[in-house]
Amino acid sequence: MTLSDVVYVCLGLGALGAAVLPRVVSKRPLSLPMVFLAAGVLIQLLPVGVPAVDPVRDRLWVEHTTEVCVIVSLMGAGLAIDRPFGWRRWSITWRLLGITMPLTVAAVALLAWGLLDWPPAAALLLGAVLAPTDPVLAGEVRVGEPLGTERDEDEVRFSLTSEAGLNDGLAFPFVYAAIALAAAAGTGWSADWIGSWALTDLLGKCAVGLAVGGGLGWLLGWMFFRVRASVLRLSEHMEGFVALGATFVSYGITEVLHGYGFLSVFVTACVIRAAERSHGYHKVLHEFTEQIERLLTAVLLFLLGGYLVAGALSALTLTGAVVAILVLLAVRPLTGWPAQVRTAMGKKERAVVALFGIRGIGSLFYLSYALGQDSFGGLGRELWATVALTVVISVVLHGVMATPAIGYLDRRRDGAQPGGRP
């Protein structure tokens, strides 16, 4: 038996598991990411010689694999949201983006600076990497498929899905700020970078992402549903792989124009969804992206499990572990709650939104990208150890809690409706 044979077996079992396991773990305090993470740990412990991916050594591979997984997930999340776009309708989303996200960046950076004694650039990078919630691993708390029931898009599910869809793109300005700060530290702590960062990385690239996403989404929506030539009206052919084409075109054009591709992909999906809200083609597109996302998630979580066994946490310090725990159990809840003040949600719904700031594949991408731009004082291994532990804790903690928490809210909501059991 050769190594390639073992890899083929693992790939085959992973694909089969990605198809079967969602129904097996449904309505149980268990999640698909938890299963694949555990599988990666177990396979790496067996004497079969499966190679482990080292994100420092294999940085470029990790960056691009996580990148693809995130953009596919963003397309699926945008296509799934039934709620029409609007300032008031999406008010909870703007609150989470404008209040929770920058507060999280600042709080995590202060923890890394104060507890880990990291230089400001590395501390800011950790805050930027761990600030966005993850659209990939949040399956249990995301909205349902397009044209679903009212329960599939309650305020909690909508809040977490829309937040994850947008803040994965909006984390980039903070990552670029960390990179610029690291470069400035090497040349004498000049603050000259702040103006160009605000104009280019904060405003300019966001504007490009929004413009390309909105324009391309409108064009594709017209092509899918309204173009006169039936051969070009793709909704009549019901081919799901078109969603990948939309994803890569939106991402690629935006990146070529030096904008934020993550932001563009999610906006493209939302605009396509708005083009013809009642059409069944949205389900076809969403189901295809969900299948691809599931396969990529299985691979990445499997590799993360192997990386844990191969020494991912060897550079972890006790204070690094404390920071990882505080990010999930203190920082996110404390920064998530103020954003929900005076909203229509009750206290229990607010608590779930505040607690379920899932960290995952997006954090792995941002870290691998940033370390390709600067070494951050040689703290790469320590950064990877802290981020990897945060993601693992999030996978386990939120995986165990998601189904019971969402199920409780659903039962409580049903009981409060007319004719429901109190």
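For clarity, every value in this text was computed on a predicted model and none was experimentally measured.

The next thing to look at is the packing of helix 7 (residues 172-185) against helix 14 (residues 361-373). Where helix 7 contacts helix 14, the axes come no closer than 10 Å and their chain directions differ by 30°. If you check the angle between helix 7 and helix 14, you find them roughly parallel. For helix 7 against helix 14, the interelement crossing comes out right-handed. Contact residues: helix 7 offers Phe 172, Val 175, Tyr 176 and Ile 179, while helix 14 offers Phe 365, Tyr 366, Tyr 369, Ala 370 and Gln 373. Its residues assigned to classes, the contact of helix 7 with helix 14 comprises eight nonpolar, one polar and no charged.

Side chains that differ in charge, positive against negative, can pair when their charged atoms come close. Throughout the structure, instances matching the rule amount to 11 salt bridges. A salt bridge links Arg 83 to Glu 155; the shortest N-O distance between them is 3.0 Å. In this pair, Arg 83 sits in the loop between helix 3 (59-80) and helix 4 (91-114) while Glu 155 sits in helix 6 (residues 155-170), placing the two residues 72 residues apart along the sequence. A salt bridge links Glu 349 to Arg 412, with the nearest nitrogen and oxygen atoms 3.1 Å apart. In this pair, Glu 349 sits in helix 13 (residues 347-355) while Arg 412 sits in helix 15 (residues 380-416), placing the two residues 63 residues apart along the sequence. One salt-bridge network, held together by shared partners, links Asp 154, Arg 157 and Asp 410.

Moving on to the state of the cysteines. For the structure shown, the criterion picks out zero disulfides. Free cysteine: Cys 69, not disulfide-bonded; nearest cysteine sulfur from Cys 270 at 18 Å. Taking the relative accessible area as the measure of exposure, Cys 69 reaches 0% and is therefore buried. Cys 270 supplies the cysteine sulfur nearest to Cys 206, a cysteine that is in no disulfide, at a spacing of 15 Å.

So, about the nonpolar core. With 115 residues, the main nonpolar core has Leu 125, Leu 126, Phe 224, Phe 376 and Leu 383 as its most contacted residues. Per-element tally for this core: the top contributor is helix 15, with 11 residues. Excluding anything up to four places from it in sequence, Phe 376 contacts Ala 121, Ala 122, Leu 125, Ala 178, Ile 179, Ala 182, Ala 370, Leu 371 and Leu 383.

This paragraph deals with the environment of Thr 386. By the secondary structure assignment, Thr 386 is in helix 15. Judged by relative accessible area, Thr 386 falls into the buried class, the value being 2%. As a C-alpha pair, Thr 386 and Leu 303 span 83 residues in sequence and 17 Å in three-dimensional space. Among all residues touching Thr 386, those that are not within four sequence positions of it are Trp 118, Leu 126, Leu 316, Gly 320 and Ala 324. A polar contact is formed between the side chain of Thr 386 and the backbone oxygen of Glu 382, at a distance of 3.0 Å.

Criteria and thresholds
Residues numbered from 1 in each chain as written. Predicted model: local features only at pLDDT ≥ 70, side-chain atom pairs only at ≥ 80, totals over all residues. Heavy atoms only, no water. Axes fitted to C-alpha atoms, helices over the stretch in contact; angles between N-to-C directions. Helix = DSSP H or I, 4+ residues; strand = E, 2+ residues; numbered from the N terminus. Parallel < 35°, antiparallel > 145°, perpendicular 65-115°, else oblique. Left-handed = near helix turned anticlockwise from the far one by under 90°. Contact = heavy atoms within 4.5 Å. Nonpolar A, V, L, I, M, F, W, Y, C, P; charged D, E, K, R; others polar. Salt bridge = Lys/Arg side-chain N within 4 Å of Asp/Glu carboxyl O. Disulfide = S-S within 2.5 Å. Buried < 20%, exposed > 50% of the residue type's maximum accessible area, 1.4 Å probe, protein only. Core = buried A, V, L, I, M, F, W, Y, C linked by side-chain atoms within 4.5 Å. Polar contact = N/O pair within 3.5 Å; in protein donor to acceptor, adjacent residues only side chain to side chain.

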